[in-house]
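Take a look at the letters that make up each chain.
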Amino acid sequence: MEVIVDGEALKKALTRASKVTQKKIIAKMAQAVFIEANKEDHCIKIWCTDAYSTSYTQYLPGTINEAGVVSISLDYIKMVNFKGGDVTIRSKKYKDAGNLASVIVINSQKEVEIEDCVVDYSEKERYEDMMDWDYGENVIVVGKIKGDVLKDILLRTKNYVSTKNDGREALEALYFNFSKKKVVATDGHVIAEIDIPMFNNLDRNILVNINWAVIQQLGREEEVEIHIDKPSAGTDEKRSKWMFMTSYVDGVIVKQIIIKGMQYVYPSYESVYPKKPDDDNIVTLSDLSQFVRILKAQGLLRPIIGVDTDSSITMIDERMQKVVTRLKKDVAPFHHADHKMYFKLDVFERGISAINSDAAVFANDSLIGFYADDCRCVVMQYRYRDQEG
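Note that the structure is a prediction, hence the values are computed from the model and not measured. Within any chain, residue numbers begin from 1 and follow the written order of that chain's sequence. Local features in this predicted model are restricted to residues of pLDDT 70 or higher, and side-chain atom pairs are both shown and tallied only at a pLDDT of 80 or more, whereas totals for entire chains, interfaces and linings draw on every residue. By convention in this description, side-chain values take in all heavy atoms of the structure and omit both hydrogens and water.

Topic: the overall build of the protein
Which entries qualify depends on this criterion: Secondary structure elements follow DSSP: runs of H or I no shorter than four residues count as helices, runs of E no shorter than two count as strands, and numbering proceeds from the N terminus. Buried means the residue's accessible area, taken with a 1.4 Å probe over protein chains only, is under 20% of the maximum for its type, while exposed means over 50%, and partly exposed covers the values in between. Any pair of residues with heavy atoms lying within 4.5 Å of one another is described as a contacting pair. Every accessible area reported is derived by Shrake-Rupley at a probe size of 1.4 Å, with residue values counting cover from the shown protein chains alone.
Secondary structure summary: the protein contains 6 helices and 25 strands in total. Put simply, the protein has 389 residues, and 49% of those count as buried. A sequence separation of at least 24 residues applies to 65% of the contacts in the protein between residues at least 6 apart. Put simply, the protein shows about 19000 Å² of open surface, and 47% of that area lies on carbon and sulfur atoms.

Here is the structure:
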């Protein structure tokens, strides 16, 4: 292989791709970034995968003198560090050395030679066959959305996804409900349901484990076109197996993200929601932020908060199981709670992290929730009883 590409663009692309991969995974596919050139594509692909759910491709303009593919280990990415100007990438196979090969990157100032860490590229082909995606006519358009808008929406759900690796795989994923144009996340203690009005109304859904490093790559100048796979012929299955995100800048493709769907059953989260309140009990964003600041200022390591109907706040040390302090504040979110409620402060703070506008507050025997302009968030009560019962 021999290609010529801008050195600064190559450096940025390799750095971004290295954040997507999983060095701790044994599979070599997840420990390397691939540089692939095909004259039919008229561009150079920087490709990587986490060998679990996601593949990421960035497209760079360049000159292709000889088609081919090379790989660079994550340990050697930093060696490809050129400040500017064009660089040449050339692969070299050593004579009488079996499969040993190297990647040579040169410009007018220096030359870097790096061991090609995969060599057996049939492994890449086997991986693609195993993932079994079909990105062609067998897809449905979900919608188009600006890259920074999609990035903001998805990152707002990050605090709601389970990270405990406790066997509840469905709670480690995001649930896209295209019929309601929403994305949902929950870890069993907090729930966020955020609107994505740019989506088309489709009677489909998908559950995906998000590689957050990939989402961080979405840029403001990009327009992202999202597709999902069509249902199999003769079935009424609503769960999709693949989600495809293709980014364009001025009509030119710059990157593609392919995420494999999960077949786990997602919990029936809507069953826990109470009805939206009929009154105008609105909490402003500043009130909500002030409430959290008041509680955090107490400096307790793992506090529980108890709230009475008169808006007095009881701070309880979970470890010592005793009342530490009481505050008397006009706290808007709890004016209509008709009983004492308890929350772990860190859980409550996560529960409201997706809210970025004023919200209507509601409560029932087990939770408190907030209806904002484009989302609704729920925080489950902590089952605690203080000394007063």
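From this point, the discussion proceeds with the structure in view.
Here's the deal with the environment of Glu40
By the element assignment, Glu40 lies in the loop between strand 2 (32-38) and strand 3 (43-49). Classification of Glu40 as exposed rests on a relative accessible area of 68%. For the pair Glu40 and Ala67, spaced 27 residues apart in sequence, the C-alpha separation works out to 9.4 Å.

Points about the pairing of strand 17 (residues 252-260)
Side-chain positions along a regular strand alternate between the two faces of the sheet. Stated precisely, the cut-off is as follows: Two strands pair if DSSP finds at least two bridges between them.
With 5 bridges joining them, strand 4 (residues 54-60) and strand 17 adopt antiparallel strand pairing. Opposite Thr57, over in strand 17, you have Gln256 as the bridge partner. In this sheet, strand 17 lies alongside strand 16 (residues 242-249) in antiparallel orientation, the contact comprising 8 bridges. Paired with Thr246 across the two strands is Gln256, which belongs to strand 17.

Focus: the sheet that holds strand 1 (residues 2-6)
Using the following cut-off: Fitted lines through C-alpha atoms give the axes, limited to the stretch in contact for helices. The angle between two N-to-C directions lies from 0 to 180 degrees.
Pairing within the open sheet is antiparallel, and its 5 strands lie in the order 5-1-7-8-9. A single partner strand is all that each edge strand has here, and the edge strands are strand 5 (62-66) and strand 9 (111-115). For this sheet, the mean angle separating the axes of adjacent strands, direction not counted, is 20°. Two elements, strand 7 (residues 86-93) and strand 8 (residues 101-106), share 6 bridges in a ladder whose sense is antiparallel. Residue Ile89 lies in a different strand from strand 8, and its bridge partner there is Val105.

Comments concerning the packing of aromatic side chains
Under the convention used in this document: Between the rings of Phe, Tyr and Trp (Trp by its six-membered ring), a pair exists once the centres lie within 6.5 Å; its type follows the angle of the planes, with under 30 degrees stacked, over 60 edge-to-face, and the other angles tilted.
For the coordinates displayed, the defined rule picks out 9 aromatic pairs. Ring plane angle 20° and centroid distance 6.2 Å describe the contact between Phe176 and Phe178, whose orientation is recorded as stacked. Residue Phe176 shares its accessibility class with Phe178, and that shared class is buried. Note on Phe176 and Phe199: the rings are 6.5 Å apart at their centroids and 40° apart in plane angle, and the pair reads as tilted. Here Phe176 is found in strand 11 (residues 174-177), whereas its partner Phe199 is found in the loop between strand 13 (190-195) and strand 14 (205-208), with 23 residues between them in sequence. This pair shows no difference in class: Phe176 is buried, exactly as Phe199 is. Put simply, the rings of Tyr175, Tyr266 and Tyr269 pair up and form one aromatic cluster.

Here's the deal with unusual backbone geometry
For residues other than glycine, phi is negative in most cases, and the peptide bonds are mostly trans. Positive phi, normally seen in glycine, also occurs at Lys181, with a value near 55°. We classify Lys181 as partly exposed; its relative accessible area is 28%. The phi angle at Asp250 is positive, at roughly 55°, despite the residue not being glycine. Relative to the elements of secondary structure, Asp250 occurs in the loop between strand 16 and strand 17. By relative accessible area, which is 77% here, Asp250 ends up exposed.

Some points on the environment of Lys260
Checked against the element boundaries, Lys260 lands in strand 17. Judged by its relative accessible area of 32%, Lys260 is partly exposed. Taking the C-alpha atoms as reference points, Lys260 and Trp242, separated by 18 residues in sequence, lie 4.8 Å from one another.

From the geometry alone we can't say anything about function, so treat these as descriptive.
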